[in-house]
Amino acid sequence: MFHNSTIFFQKNHILTYHQLTNFNLINTDLLKKYRDLNETERDRIFDGRRDETSQFAFTAGLDNSERNRYSNVIPFDSTRVKLKLSSNKFSNYINASKITLQINQAKPANNYIACQGPTSSSVDLFWQMCYQQTNSDTIIIVMVTPLFENGREKCYKYWPNNELQISNKNGFEHGLKIKHLETKELDHFTLNKFDVIPIFDNESDFATATGSLLKPKKCYHLYYNGWEDFSAPESL
């Protein structure tokens, strides 16, 4: 439905072996696939730690640990999103990975980004990424993790009830204004609509950006708050 838009997913964990066995899946193909995936993941992590030139290396995530919510959920260097900055004095790292999915060979591939739930200190990075990585004038964020589980923060509330100013302090060309437009409570999720508007410190910055055709974008934020870690939602 949103052919030219980037969709952002946020979820951090999968079922554990113990939880799978509780679902009476011991003798199913699903458990075998789970074991195979676990083994493949261990091999890739070992290879990435051993060899910085490996396609599974994750050096940037280790070097920017303060930007990770979890120490064991880090994107590969080869597929991580690199923030576009106006200065190389700042890090272009954000905990997010690009995903290309080819469903129908007769149609263009779909592009997605899998991202950690932002922390209070990475909200500006997240919104800048949303604006930069969406080629169309529509941003779509699909949030599938609750803000809190069992008293522990899983994701900082990065969207505003009214308006939010995002600065350019981390080396970005411009700031952003996130302006709330509408909220709808639907059957299984909450839909928020925002305007995402570039803002500039001075006229010269605005003139430079105007030359590159920067413009406001619409953002549709779909918040599924019933999908807890290590579980499956009853419906979506």
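Please read these numbers as outputs of a predicted model, since none were measured by experiment.

Draft legend 1. The arrangement of the overall build of the protein chain in detail. Of the regular secondary structure elements, the protein chain holds 5 helices and 11 strands. Taken across its 236 residues, the protein chain has 40% of its residues classed as buried. A separation of at least 24 residues holds for 56% of the contacts in the protein chain among residues at least 6 apart in sequence.

Draft legend 2. How the structure looks around the packing of aromatic side chains. Overall, the coordinates contain 8 aromatic pairs when judged by the stated rule. Between W127 and F194, the ring centres sit 6.2 Å apart and the planes meet at 75°, which makes this aromatic pair edge-to-face. Remark: F194 occurs in strand β10 (residues 190-199) and W127 occurs in helix α4 (residues 123-133); sequence separation between them is 67 residues. Taking relative accessible area as the criterion, W127 reaches 0% and is therefore assigned buried. Judged by relative accessible area, F194 falls into the buried class, the value being 0%. Residues F189 and Y224 carry aromatic rings whose centres are separated by 5.0 Å and whose planes lie at 35° to one another, so their mutual orientation is tilted. Taken together, the positions of F189 in the loop between β9 (175-185) and β10 and Y224 in the segment after β11 (217-223) put the pair 35 residues apart, joining distant regions of the chain. The structure contains a cluster of three or more aromatic residues connected by ring pairs, namely F126, W127, Y158, W159, F194 and Y223. The ring centre of Y131 lies 4.4 Å from the NZ or CZ of K217, which sits over that ring.

Draft legend 3. How the structure looks around the pattern of salt bridges. Counted according to the given criterion, the structure contains 6 salt bridges. The salt bridge partner of R50 is D47, with a shortest N-O separation of 2.7 Å. Taken together, the positions of R50 and D47, both in helix α2 (residues 29-50) and 3 residues apart, correspond to about one turn of that helix. Relative accessible area serves as the criterion here: at 57%, R50 is assigned to the exposed category. The residue K218 makes a salt bridge to D195 at a minimum N-O spacing of 2.8 Å.

Draft legend 4. Fine view of the state of the cysteines. Summed over the entire model, instances satisfying the criterion amount to 0 disulfides. C130 supplies the cysteine sulfur nearest to C115, a cysteine that is in no disulfide, at a spacing of 7.3 Å. Just so you know, C155 is unpaired, no disulfide at all, and the nearest cysteine sulfur is the one on C115, 8.4 Å from it. Take C155: its relative accessible area is 1%, and that puts it in the buried class.

Draft legend 5. The arrangement of the nonpolar core in detail. Counting 28 residues, the largest nonpolar core has F126, W127, M129, I141, Y158, W159 and V196 as its most contacted members. It is α4 that provides the largest number of residues to this core, a total of 7 residues. Discounting chain neighbours no more than four positions away, the residues touching W159 are W127, M143, L147, N192, F194, H221 and Y223. Formed by 7 residues, the second largest nonpolar core is a distinct cluster that contains V142, V144, F189 and L222.

Draft legend 6. Spatial organisation of the pairing of strand β3 (residues 93-101). Of the pairings in the sheet, the one linking strand β2 (residues 80-82) to β3 comprises 2 bridges and is antiparallel in character. Looking across to β3, one finds that R80 is bridged to S97. Note that β3 and strand β4 (residues 110-115) share 6 bridges and pair antiparallel. Residue pairing in the sheet places I99 in a bridge with Y112 of β4.

Draft legend 7. Region of interest: the environment of V123. Mapping V123 onto the fold places it in helix α4. Spatially, the C-alpha atoms of V123 and I166 are 8.0 Å apart, while their sequence positions differ by 43 residues.

Draft legend 8. Seen up close, α2. Here α2 spans 32 Å end to end across 22 residues, near enough to the 32 Å set by a 1.5 Å rise per residue. Among the residues of α2, those classed as buried are L31, Y34, D47 and G48.

Draft legend 9. Summary view of the side chain of N95. Of note, N95 is situated in strand β3. Its relative accessible area of 5% is what places N95 among the buried residues. Separated by 2.8 Å, the side chain of N95 and the backbone oxygen of V73 make a polar contact. Leave out the neighbours within four places in its chain, and N95 touches R67, N68, V73, I74, P75, A114, C115 and Q116.

Each value, and the rule that gives it
Residues numbered from 1 in each chain as written. Predicted model: local features only at pLDDT ≥ 70, side-chain atom pairs only at ≥ 80, totals over all residues. Heavy atoms only, no water. Helix = DSSP H or I, 4+ residues; strand = E, 2+ residues; numbered from the N terminus. Buried < 20%, exposed > 50% of the residue type's maximum accessible area, 1.4 Å probe, protein only. Contact = heavy atoms within 4.5 Å. Phe/Tyr/Trp six-rings, centres within 6.5 Å; stacked < 30°, edge-to-face > 60°. Lys NZ or Arg CZ within 6 Å of the ring centre and 35° of its normal. Salt bridge = Lys/Arg side-chain N within 4 Å of Asp/Glu carboxyl O. Disulfide = S-S within 2.5 Å. Core = buried A, V, L, I, M, F, W, Y, C linked by side-chain atoms within 4.5 Å. Pairing = 2+ DSSP bridges. Expected span 1.5 Å × (residues − 1). Polar contact = N/O pair within 3.5 Å; in protein donor to acceptor, adjacent residues only side chain to side chain.

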